[in-house]
Amino acid sequence: MAGVKMREFRRASARALADDKLQSFLGRSMGTFDGAREEAIEELSRQRWDELRERGRAIKRHTLDNLDYYLDMLCDRVSQNGGHTHFAKDSDEARRIVGEIARARGAKLAIKSKSMVSEEMELNPFLESMGVEPVETDLGEYIIQLAGEAPFHIIAPAMHKSKEDVGELFEKKGIGLPNLKEIEAMADAARVALRGKLIAADMGITGANFMVAETGTVALVTNEGNGRFCTSVPRTLVSIAGMEKIVPCLEDLAVFMRLLPRAATGQRISSYVTHVSGPRRPGDEDGPEEFHLVIVDNGRSNLLEDPDLREALYCIRCGACLNACPVYRKVGGHAYGWVYPGPIGAVVSPALAGLDKGKELPYASSLCGACKDVCPIKINIPHMLLKLRSSVAEGAERGGTKASLGERLAVKGYGWLMSRPRALSMARRLGRWMQWPVARRGLIRRAPVPPFSRWTRSRDLPALAPRPFRDLWRRELAEEE
Amino acid sequence: MVGKARIRASLFVTCLVDQLFPRVGVGVVRALRSQGVSVDFPPDQTCCGQPLFNSGFRKEAAALARRTLKSFAHSDRVVVPSGSCASMMKVFYPDLFRDDPEWGPLARDLSGRVHEFSQFMVNVLGVTDVGAAYEGRVAYHPSCHLLRELGAVDEPVSLLNGVKGLERVELPEAGVCCGFGGGFSVKHAGISEAMLKDKVDNVVGTGARAVASCDAGCLMQIGGGLSRRGADVRAVHLAEILGGVA
Amino acid sequence: MAQGLGTPRGEFIASVRRRLGRRAGAPDSPYPALGEELASLEERGRQAMRRLQEGRGALMARMAATAELRGWRVCRAANSEEALDYLRETIQGLSARLAVRSHEEVFRETPVDDLLAGMGVRVQVMARGDDREGGFDPASADVGITGADYAIAETGTVVLVPRRGVSRLVSLLPPVHVALVRGPEVVEGLDDLYLFRRLEYHRRGGDMGSYMNFVTGPSRTADIEQTLVIGAHGPRETHMIILEG
């Protein structure tokens, strides 16, 4: 992880647009998940899908509205199972908790199953600094760990890497035989390289797709089987979860286990769903001796507190909104500059890392709403982006506006003009006079001043019409009545 | 309309149509009158405030919203030839004034009286064939707000299907945004252009003579892209076709 | 480490409550499922059992069909002879030398050890507790054989929970996994499964064991160029033998 770079969205997106290789990859690949999801929904029937979405949404709404109550219950039940719960208010505290557990158990090698929270808290460098080797075991995460990059996509972190990229990377890092050409051979090389680590690890670190308050259970959804290794082999198991991941009742999982894989990859179910309810019991043949659950706030309270933004915490991290977003499909995941890209990232990242750092992201959207359409929890992302934009523009929180002076002046000017029809009509005449040198047959091909010049880089701009509609109405249409 | 009270509608023409595409307004008036609707045009209307609201300036947007609420306080129904402006008035005005004891009730009241043009034709008037004629192949681009805030999937299509001589062709990836997005089109011009390129490719690929939509913003974007490319395809508003002024 | 590290629990939860603007205590609108009495759960469990019983035949067919779609190789066996026949063919195709299996009841009805020994395959059984002289090395095994606690027809899933004599590793480490599923273990859908497990949790006074694993076909990854590769960290080949007799 290379820190928070959300402010650079404009520059990073320009770079992405100019990157031919990336563009050709995005054009080729971004529809795949989308198509698979649609197919899975059709198979289930759209009506059934919408029923499930409504149920999922209702469960999440209830849980988040009463989150303190369910956190308390979860904590009780985890202890009843023989596990330990730790609470972290921010990344720093979360890192120190995991570090302390590793130190107390003398851990040297930690195998990790994909966890976005651990990306968020930059756990790996921290573990390295204290002499613990963290090994990502999800193939995609493993690749970006080797490459030292941030995830490109929530569920497919290394999707931007071609097989040639991966082959080169593996060769550089000595994974497998040199000069690997086939994807299967690369996956096999990674499997072989990781197998020894998986067996030898003394600590397992996982995220959590869901936590069940009723039974103190953590549920993990994976395809590779690495999640099962992390929860079965090492002596100590640590699961790290954002505090919003709770559902009240075990039976609620029946809803989410149908929603998540279909929305994410179009699978009817993932190959493995692992439910962990504490450490091994007396009489179990194997499994971790200790189970720790680390529950992280790290800015989630900012979303929780605002009734307009709370539903961002309903997110089950399926990535469907990324796949459907026309902006993400043009700029890719890295342009967003932090752990959570795409539409949901544009809401969550500024709240987690601070609106100051993330003020660009709510504007990284045409507000088309495709994200809301595909969201398995029907999260209204565009409405939240609008809300965040108002926080940026009006500086409702954290002292003052974040909008530029130019923008504020333009807004004031527009508002003033639109409140005064006579001034508007004069401005129009002025505009007609000013556009005269550049307008040809009703079109402006090259406007000399911003923001119009930015428009005409690639598009013609319609000129002000000879007469506005209101004149046509007065002169001709009103009398027809 | 014999035997029925005449339906009255006020036109909110939107600032883009007023200033840039007045013919769209003419089309709306002609189409409505062809169905016996009595149309009026409150003269002090300007902008619904959407550009400011979408940029995050809610206070300034609210000022324009209050103006608009006043302009249409006495209208039976308000017809808007724009999915996004209609969304602003139907969906976001009540949100903007939700805690305002004075303007909140007015906003909620207007919300129920506002109709996007195609929805008004099909759902209020109950017509899909207005007797219009237009020769040639036409592709339909559903604008995002009309599609996703107002849920209009079939209305514009059935109106196009009712036009004599018009052959409707399917637009590939029709529901994908054209990249306009108001301020987005200049704030993130590069991304907007990239999205537009796909849309223009798809439109040109249909071999249509025109691409129809229900939002001046999309028409400005798609039309601007088509003419810059020198493509022989026009971007027209549905109302222009229905009103016989395309 | 009995004491939590980081922010004290009470403080953390109070802060969440404050940010929510909520009073302490149970939700205003209670969650009906959580208030359910054990008797009512038991009743729902009985209803589900009856439904499953009545639709047994169709259920087996659905189980087999979905499992196949999810990547299992499926054998519907009318009796244990048929099951052993299938296992023989499977093992023949593998050139296996070492098999591991868990210690479960299903192997009493379907004795696989003699068959395997007869084919020259050494069998290690997950022995109870510390009685492990026979050795038990799933990491070196060519095939792992397990029973199932449940199987879900909706998803083609085998469900494994902890028992004495059952290792989590038998279905994970060897490249080939064979699961023996008995008819009564098959449930219709995820709802049934979670209901039964929930019932078990409450019947046992708040414990349902340390884990529950859903296994649905082989392990897979599509992390490079979205190209599906079968056989990541878990087995690349999975067989489901459904004992319908």
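Residues numbered from 1 in each chain as written. Chains lettered and ligands numbered in written order. Predicted model: local features only at pLDDT ≥ 70, side-chain atom pairs only at ≥ 80, totals over all residues. Heavy atoms only, no water.

## Things to note about the sheet that holds strand S8 (residues 246-247) of chain A
And step 1. Strand order in the open sheet made by the eight strands is S8(A)-S5(A)-S6(A)-S9(A)-S9(C)-S6(C)-S5(C)-S8(C), with mixed pairing throughout. Both edges of this open sheet fall to S8 of chain A together with strand S8 (186-187) of chain C, since each of them pairs with a single strand only.
And step 2. Across five bridges, the pairing between strand S9 (residues 272-276) of chain A and strand S9 (residues 211-215) of chain C is antiparallel. Bridge assignment links His-275 of chain A to a residue of S9 of chain C, and that residue is Met-212 of chain C.
And step 3. Here helix H8 (residues 190-203) of chain C sits on the sheet in contact with S9 of chain A together with strand S5 (150-152), strand S6 (157-160), S8 and S9 of chain C, set at roughly 165° to S9 of chain C. (Pairing = 2+ DSSP bridges. Helix = DSSP H or I, 4+ residues; strand = E, 2+ residues; numbered from the N terminus. Contact = heavy atoms within 4.5 Å. Axes fitted to C-alpha atoms, helices over the stretch in contact; angles between N-to-C directions.)

## As for the packing of aromatic side chains
And step 1. Applying the stated criterion across every chain, the model contains 18 aromatic pairs over all chains.
And step 2. Ring geometry for Phe-25 of chain A and Phe-152 of chain A: centres 6.1 Å apart, planes at 70°, overall edge-to-face. With Phe-25 of chain A in helix H2 (residues 20-44) and Phe-152 of chain A in the loop between helix H8 (139-147) and helix H9 (163-173), this pair connects stretches of sequence that are 127 residues apart. Comparing Phe-25 of chain A with Phe-152 of chain A, the two get one shared label, buried.
And step 3. Taken together, a centroid distance of 6.1 Å and an interplanar angle of 25° make the contact between Tyr-328 of chain A and Tyr-336 of chain A stacked. The same class applies to Tyr-328 of chain A as to Tyr-336 of chain A, namely buried.
And step 4. Through a chain of ring-to-ring contacts, the aromatic side chains of Phe-9, Phe-25, Phe-152, Tyr-328 and Tyr-336 of chain A assemble into a single cluster.
And step 5. We note Lys-60 of chain A situated over the ring of Phe-256 of chain A; from NZ or CZ to the ring centre the distance is 5.6 Å.
And step 6. The ring of Phe-107 of chain C has Arg-101 of chain C sitting right over it, with the charged end atom 4.7 Å from the ring centre. (Phe/Tyr/Trp six-rings, centres within 6.5 Å; stacked < 30°, edge-to-face > 60°. Buried < 20%, exposed > 50% of the residue type's maximum accessible area, 1.4 Å probe, protein only. Lys NZ or Arg CZ within 6 Å of the ring centre and 35° of its normal.)

## With respect to the pairing of strand S6 (residues 217-222) of chain A
For a regular strand, side chains alternate in direction, first toward one face of the sheet and then toward the other.
Residues and elements named next belong to chain A.
And step 1. Among the six residues that make up S6, six are buried, leaving the element largely enclosed by the rest of the structure.
And step 2. Across the two faces of S6 the burial is the same, with Thr-217, Ala-219 and Val-221 and Val-218, Leu-220 and Thr-222 all buried.
And step 3. Here three bridges tie strand S5 (residues 210-212) to S6, and the two strands are oriented antiparallel to one another. By the bridge assignment, Phe-210 is partnered in S6 with Ala-219.
And step 4. Counted between consecutive antiparallel strands, the loop separating S5 from S6 contains four residues, among which Gly-216 sits at a positive phi close to 65°.
And step 5. As judged from the five bridges shared by S6 and S9, these two strands associate in the antiparallel manner. Each residue of the ladder has a partner; that of Val-218, found in S9, is Val-276.

## Concerning the sheet that holds strand S11 (residues 439-440) of chain A
All names here are of chain A.
And step 1. The antiparallel open sheet is built from three strands, whose spatial order is S11-S12-S13. Pairing within the sheet leaves two strands with one partner each, and these edge strands are S11 and strand S13 (461-462).
And step 2. As judged from the two bridges shared by strand S12 (residues 443-444) and S13, these two strands associate in the antiparallel manner. Following the sheet pairing, Leu-443 is matched in S13 by Pro-462.

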